[in-house]
Amino acid sequence: MTFDGNLSFDNIRHVAKDFGNIYHLMPCAVLHPKSVFDISSTVKYIFDMGSTSELTVAARGHGHSLKGQAQAYKGVVIDMESLSVPEMNIQTGTLPYIDVSAGELWINMLHESLKHGLAPKSWTDYLHLTVGGTLSNAGISGQAFRHGPQINNVHRLKVITGRGEIVTCSEEHNADIFHAVLGGLGQFGIITEARIALEPAPKKVKWIRALYSDIYAFTKDQENLISSRDSFDYIEGFVIINRTGLLNSWRSSFKPKDPVGANHFISEGRILFCLEVAKYFDPAESSKHIDEDIDTLLSKLSYIESTVFISEVAYPDFLDRVHQSEMKLREKGLWEVPHPWLNLFIPRSRIHEFSEEVFGNIVRDTSNGPVLIYPVNKSRWKNITSLITPAEDVFYVVSFLFSATPSSKGKDGLEHILAQNNRILQFCERRRLGIKHYLPHYSTQEDWKTHFGTHWEVFCRRKRTYDPLAILAPGQNIFQRASSHGRHTYSSRNVA
Ligand code: FAD
């Protein structure tokens, strides 16, 4: 086989690692494609080997998975970031869009579209992720209540199936594979290009945080905000457990609206809920009204008086905010540590029951990392993609974004955090809360069946159609590669 790019067999250990830093599955080769043809011919070659081969193929975006989802034990990993497709192409006009390579990082797409005064509508909290990687999951952030996740803001995809065929698809054309691939955990095809919807880009952002000690008041305000016509442009929130003192560290770049009152506010180790919202504006057009608009919105909320903090930042800096934290953590050597993250969708009707037990008894402090909690409105989400969400119209995104200290046996150690995650999950199971995992990972197919519920049959039918030998994305551990050599085991944490 000849390639425009190259296939490496040496120095490939880095792809047996991801952001989670818990699973390490060694492949046999890494393909650095230069063209879509490099990918399609590799997959076709492996497909044509049929069940005589055990080879699998994993597309790797930026390797920011948590549990080996972009790894391929003894298989071929495709480094999607080295794919060169024509430069990003932007269409301006009434329905603007951008055509990008699936290996492109969202941060690069932001900078390119800003040159035309445009930007994508829906984001993740962190932009150093690839287009193909987030579209294979969902891509959720504080804009999702209005625009849906990133998978709802795609016009067209170019995909290579598990047979090596190149398919262009959209809502109108090859719609079944289009919907299958969005949120499809890499199971049905490798996305090589995407057409992403754009909107006029705001210039600046008023970024606001306010504290609550009452979860009922906090969730009531969040839910009102996501359902109001006239609201903020970004709505999230997080939990602060057992922090004492003046609570300065989490709001260092924010100015208190009431400096005297804020200086006297002491958390006393309470469980606090922090509403985080943002309003976009253009100083040339709306600087007079923006403060009044924000005051009107804030006047309807029941946060603890004197705990409103405001920051004004440029739009790209707001979107790229987590990267600032990344730089600081990298400096301290705290970025490349294990990340036993747990991301859940909790039905609205059960969020208080969840909160009472989990924040009251199981998670005793938030010193290992942030815990996000915010509602989204499913009526704005398309329900024909492969993404699985709870049955209710409103559900909460709850993310435990903990980092473990390597080799610690204490509360900040990996085993402790994993055990805590298990306690949370066991509680959800015992009470039948109807939760769903986001960025899911299971070790048995039974668990996957439960995850997909009534959607399992469709998921399997699509797998048989688009990747009948189960060659693609083996690290998700959903299907076994069809092979006459017997079963592959992918679930072990260290098979290097
Ligand atoms: P990878 O981890 O490389 O791949 C993810 C999966 O998709 C794998 O199964 C892989 O095989 C498959 N895949 C990759 N590329 C393709 C492709 N082109 N075609 C088909 N399949 C492909 N997610 C959110 O929704 N919201 C957030 O706010 C958010 N914040 C995050 C912050 C940080 C610091 C990190 C590390 C992750 C965050 N994520 C968030 C999760 C992120 O969406 C996932 O990690 C996702 O996997 C994207 O990472 P990646 O591009 O590195 O993809």
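Residues numbered from 1 in each chain as written. Predicted model: local features only at pLDDT ≥ 70, side-chain atom pairs only at ≥ 80, totals over all residues. Heavy atoms only, no water.

### Let's talk about the nonpolar core
The line we're drawing: For the purposes of this section, nonpolar cores are sets of buried Ala, Val, Leu, Ile, Met, Phe, Trp, Tyr and Cys residues that join through side-chain atoms within 4.5 Å. Whether a residue is buried, partly exposed or exposed follows from its accessible area with a 1.4 Å probe, protein chains only, as a fraction of its type maximum: under 20%, in between, or over 50%, in that order. Any pair of residues with heavy atoms lying within 4.5 Å of one another is described as a contacting pair.
Core analysis: the largest hydrophobic core is formed by 75 residues, its most contacted members being Leu135, Ile140, Leu157, Ile196, Tyr315 and Phe318. Apart from the residues within four sequence positions on either side, isoleucine 196 is in contact with Pro96, Tyr97, Ile98, Val100, Trp106, Met109, Pro120, Val131, Leu135, Asn153 and Val154. One finds Ile22, Leu275, Leu298 and Leu301 within the second-largest nonpolar core, a separate group that totals 51 residues.

### Description of the domain arrangement of the chain
To keep it simple, the criterion reads: Per the annotation, domain bounds derive from an automatic or database assignment of domains. Counted as salt bridges are all cases of a side-chain nitrogen of Lys or Arg within 4 Å of a carboxyl oxygen of Asp or Glu. We call two N or O atoms a polar contact when they sit within 3.5 Å, provided that within protein one can donate a hydrogen and the other can accept it, with sequence-adjacent residues counted only if both atoms are side-chain atoms. Numbering goes from the N terminus for both helices and strands, where a helix is a DSSP run of H or I of at least four residues and a strand is a run of E of at least two. Under the scheme applied, nonpolar residues are Ala, Val, Leu, Ile, Met, Phe, Trp, Tyr, Cys and Pro; charged residues are Asp, Glu, Lys and Arg; polar residues are all the others, including Gly.
Domain assignment breaks the chain into domain 1 (89-200), domain 2 (204-329) and domain 3 (337-437). Just the C-alpha atoms count here: the centres of domain 1 and domain 2 sit 29 Å apart. Counting every contact that joins domain 1 to domain 2 gives two salt bridges. Its salt-bridge partner being aspartate 125, residue arginine 321 comes within 3.3 Å of it at the nearest N-O pair. On the surface where domain 1 and domain 2 come into contact, there are eleven residue pairs in polar contact (both at pLDDT 80 or more). Counting residues per element, the ones that place at least two in the side of domain 1 that touches domain 2 are helix H2 (106-114), strand E8 (118-120) and helix H4 (144-147). Residue composition of the side of domain 1 that touches domain 2, grouped by class: nine nonpolar, four polar and two charged.

### Some remarks on the packing of helix H11 (residues 351-362) against helix H12 (residues 414-430)
Defined as follows: What counts as an axis is a line fitted to C-alpha atoms, over the stretch in contact for a helix, and the angles between N-to-C directions run from 0 to 180 degrees. Note on terminology: angles under 35 degrees are roughly parallel, angles over 145 are roughly antiparallel, angles of 65 to 115 are roughly perpendicular, and the others are oblique. Take the far helix as the reference: if the near one is turned anticlockwise from it by less than a right angle, the crossing is left-handed, and if turned clockwise, right-handed.
Contact geometry of H11 with H12 gives a least axis separation of 11 Å together with a crossing angle of 150 degrees. Classified by the interaxial angle, the pair formed by H11 and H12 is roughly antiparallel. For H11 against H12, the interelement crossing comes out right-handed. Where H11 abuts H12, its residues Glu353, Phe354, Glu357, Val358, Asn361 and Ile362 lie against Gln420, Arg423, Ile424, Phe427 and Cys428.

### Topic: the pattern of salt bridges
The full count for this structure, using the stated rule, is 23 salt bridges. A salt bridge links lysine 44 to aspartate 48, with the nearest nitrogen and oxygen atoms 2.9 Å apart. Separated by four residues within a single helix, lysine 44 and aspartate 48 lie in helix H1 (residues 36-48), roughly one turn from each other. Among the ionic pairs, lysine 382 bridges to glutamate 171, the shortest N-O distance being 3.4 Å. Of the two residues, lysine 382 sits in the loop between strand E18 (371-377) and strand E19 (394-400) while glutamate 171 sits in the loop between strand E10 (166-170) and helix H5 (175-181), which places them 211 residues apart along the sequence. With relative accessibility at 33%, the residue glutamate 171 sits in the partly exposed group. Put simply, Lys17, Glu326, Arg330 and Glu336 are held in one network by salt bridges that share partners.

### A look at unusual backbone geometry
Phi is positive for serine 407, close to 65 degrees, though the residue is something other than glycine. Turning to its location among the elements, serine 407 is positioned in the loop between E19 and H12. Overall, serine 407 belongs to the exposed group, its relative accessible area being 72%. The phi angle at alanine 473 is positive, at roughly 45 degrees, despite the residue not being glycine. As for its position among the elements, alanine 473 is in the loop between helix H14 (456-466) and strand E21 (494-495).

### Describing the site of the ligand
Convention followed: By convention in these notes, a residue is near a molecule or strand provided one of its non-hydrogen atoms lies within 4 Å of it. Areas reported as accessible are Shrake-Rupley estimates using a 1.4 Å probe. Residue values count occlusion only from the protein chains shown.
Residues in close proximity to the ligand total 33 residues, the closest being Ala59, Gly61, His64, Ser65 and Tyr438. A distance of 3.0 Å separates an oxygen atom of the ligand from a polar backbone atom of glycine 63. Protein contact buries 95% of the 950 Å² of open area that the ligand shows by itself. The set of elements that each furnish at least two residues to the shell around the ligand consists of strand E4 (57-60), helix H3 (131-135) and strand E11 (189-200). A class-by-class count of the residues in the shell around the ligand yields 14 nonpolar, 17 polar and two charged.

### Describing the packing of aromatic side chains
As a reminder of what qualifies: Each Phe, Tyr or Trp ring (for Trp, its six-membered ring) is paired with any other whose centre lies within 6.5 Å, and the angle between the two planes then decides the class: stacked below 30 degrees, edge-to-face above 60, tilted in between. A ring has a charge above it when a Lys NZ or an Arg CZ is no more than 6 Å from the ring centre and no more than 35 degrees off the ring normal.
A full pass over the atoms with the stated rule returns 28 aromatic pairs. Within the aromatic cluster, the residues linked to one another by ring pairs are Tyr212, Phe218, Phe273, Tyr303, Phe354, Phe359, Phe400 and Phe402. Above the face of the phenylalanine 318 ring, arginine 321 is positioned so that its terminal group lies 4.5 Å from the ring centre.

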